[in-house]
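# Examination of the molecular architecture
Chain residues, written in single-letter form:
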Amino acid sequence: AVPPYVITPHPHCDSFAYLSPGQFGGCLGRRFDPLVVGDDPSRPGFRLRALEPAEGLNTARLAERSQLLSRLGSHEPAQTALRERAMGLVSSPALRDAFHLDQEPERVRERYGKHPWGQSHLLARRLIEAGCRFVTTVNGPSITWDTHKDNFNSLKNRLVPPMEQAFAALIDDLA
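Keep in mind that this is a model prediction, so the values were computed, not measured.

### Considerations on the pattern of salt bridges
- Taken as a whole, this structure holds 10 salt bridges when the rule is applied.
- Its salt-bridge partner being Asp-33, residue Arg-30 comes within 3.8 Å of it at the nearest N-O pair.
- Residue Arg-126 is joined to Glu-104 by a salt bridge in which the shortest nitrogen-to-oxygen separation is 2.7 Å. Placement of Arg-126 in helix α5 (residues 116-130) and of Glu-104 in the loop between α3 (93-98) and α4 (106-112) is noted, with a sequence separation of 22 residues between them. In this structure, Arg-126 and Glu-104 share a single accessibility class: buried.

Dropping the structure here:
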């Protein structure tokens, strides 16, 4: 019960208003859309809130709710499949644990970089270990890399170092 495709922390965009095409299911349909993290994995206490159970909701109670929905709800195959997929994701300990970056030793987190892109790469590694097949990590809108002014200093001092740090740590761990 791990999604096949995840984007962290946010989808790639050309600005904060326009999402770059090709990241979602498109003509294949929404069921092929990725799970979008939508939050900064470098933030202290990071969790994917959608996977965390509400207060007082344990796995037994969640199973009871699912059974009740099955009896009350529509028996349309598409709706049933969607509900089963959602319940699988919400009740998956492997997926929930993948988002608990604080389980990693501090030296590992620092090796990836304690910035959003570094921790997104660490999250990507953990998701792949949990069974996800494809993870996209995004370092802000593409305009971030549009360095028409002071190009070499921007690349050398601001853009490339965190990218190299995160990517090298991920490649080392995947090897």
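Once the structure has been displayed, the description carries forward.
### A short note on the packing of aromatic side chains
- Under the definition given, this model contains two aromatic pairs.
- Residues Tyr-5 and Phe-134 carry aromatic rings whose centres are separated by 5.1 Å and whose planes lie at 65 degrees to one another, so their mutual orientation is edge-to-face. Remark: Phe-134 occurs in strand β3 (residues 134-137) and Tyr-5 occurs in strand β1 (residues 5-8); sequence separation between them is 129 residues.

### A short note on the sheet that holds β3
- The three strands lie next to each other as β2-β1-β3, forming an open sheet whose pairing is parallel. Edge positions in the sheet fall to β2 (35-36) and β3, since each of these pairs with one other strand and no more.
- Judged from the two bridges that link them, β1 and β2 form a sheet pairing that is parallel. Residue pairing in the sheet places Val-6 in a bridge with Leu-35 of β2.
- Here α5 sits on the sheet and contacts β1 and β3; the angle it forms with β3, its principal contact strand, is near 175 degrees.

Procedures and definitions
Residues numbered from 1 in each chain as written. Predicted model: local features only at pLDDT ≥ 70, side-chain atom pairs only at ≥ 80, totals over all residues. Heavy atoms only, no water. Salt bridge = Lys/Arg side-chain N within 4 Å of Asp/Glu carboxyl O. Helix = DSSP H or I, 4+ residues; strand = E, 2+ residues; numbered from the N terminus. Buried < 20%, exposed > 50% of the residue type's maximum accessible area, 1.4 Å probe, protein only. Phe/Tyr/Trp six-rings, centres within 6.5 Å; stacked < 30°, edge-to-face > 60°. Pairing = 2+ DSSP bridges. Contact = heavy atoms within 4.5 Å. Axes fitted to C-alpha atoms, helices over the stretch in contact; angles between N-to-C directions.

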